Amino acid sequence: MTALVRRSTGGLLAWLCGLLFFLPFGWMVLTSLHSEQDAATNPPGVGAALTLDGYREFFGASTGTSPWPPLINSATASVVSTLLVLALALPAAYALSIRPVRKWTDVLFFFLSTKMLPVVAGLLPLYLIAQNTGMLDNIWLLVILYTSMNLPIAVWMMRSFLAEVPKEILEAASIDGAGLPTTLVRIVVPVAAPGIAATALISFIFSWNELLFARVLTGVVAGTVPVFLTGFVTSQGLFLAKVCAAAVCISLPVLVAGFAAQDKLVQGLSLGAVK
């Protein structure tokens, strides 16, 4: 009976924690379906009439401003930078875990030290470099920055995942004459697929949500969806229904990606946790 009570209590607490984390997003969705007048009431009216006016505003029903260019820019920068991060982090993590290089701990610390500098501190030099090279308001500048921003985290994550790859499989592949590219593609990647998927998802989320670089270094051509979202905060005030509708639309790609890869994400983040 005691074990049953413990399991029931644990399940109830898990559901409460899940609802607690879902509550802000659920409230945002509900607010997006209200009119501006109902959304601005304090406290907001839960039973107010529902409308899609906020979503019509997001897609430019009255302003004529389309969200598709920023969405395409964000998708391009996030997907391409994530692919580059995986392509660079996989061999680096392989060298730091399966075939350790000399002083590999110093290498790991170097990767970690690149995250210690505040982003704001490097913003002015990056702006001047982009201005002098003609890369301002260029989506490929964001690809480069997002790749460098996420690469240290990806190396650290993938190193822990690749350390769990059985050494016997790698030794058998080496005996059969498999080279490094073959070993990575046909052995390491399938075995460490959950960890790679978790790393890719986190890199994609960080790139999709990044605002500071995109706000300062882009303009009309290469603006991303977080920058587009800030355009809903005008001098006339904060229109909650419009902002919530835009935030819901912008959050959907991340939510869909997380839901599609949730099994591999859980496997990847828990890999090696239990011996």
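Coordinates for the structure precede this section.
Residues numbered from 1 in each chain as written. Predicted model: local features only at pLDDT ≥ 70, side-chain atom pairs only at ≥ 80, totals over all residues. Heavy atoms only, no water.

Student: Give a description of the pattern of salt bridges that names residues and reports values.
Tutor: Applying the stated criterion across every chain yields a total of 1 salt bridge. Note that R56 and D53 form a salt bridge whose closest N and O atoms lie 2.7 Å from each other. One end of the pair is R56 and the other is D53, both in helix α3 (residues 53-58) and 3 residues apart, which spans about a single turn. A residue is classified by how much of its surface remains accessible, and R56, at 45% relative accessible area, is partly exposed. On the accessibility criterion, D53 (41% relative accessible area) is partly exposed. (Salt bridge = Lys/Arg side-chain N within 4 Å of Asp/Glu carboxyl O. Helix = DSSP H or I, 4+ residues; strand = E, 2+ residues; numbered from the N terminus. Buried < 20%, exposed > 50% of the residue type's maximum accessible area, 1.4 Å probe, protein only.)

Student: So what's going on with the side chain of S207? Which residues, and what values?
Tutor: Mapped onto the elements of the fold, S207 is located in helix α10 (residues 193-209). The class for S207 is buried, based on a relative accessible area of 2%. For S207, the side chain forms a polar contact with the side chain of N150, separated by 2.9 Å. With sequence-adjacent residues up to four places away left out, S207 is seen in contact with S78, S81, Y146 and N150. (Polar contact = N/O pair within 3.5 Å; in protein donor to acceptor, adjacent residues only side chain to side chain. Contact = heavy atoms within 4.5 Å.)

Student: An account of a nonpolar patch on the surface is needed here, citing residue identities and associated values.
Tutor: Together, L12, L13, W15, L16 and L19 give the surface a local cluster of nonpolar side chains, amounting to about 580 Å² of exposed area. Structurally, L19 is set in helix α1 (residues 2-32). (Patch = residues over 30% accessible without salt bridge, like charges linked within 9 Å, V, L, I, M, F, W, Y side chains within 5 Å. Areas by Shrake-Rupley, 256 points an atom, 1.4 Å probe, with all protein chains shown as cover.)

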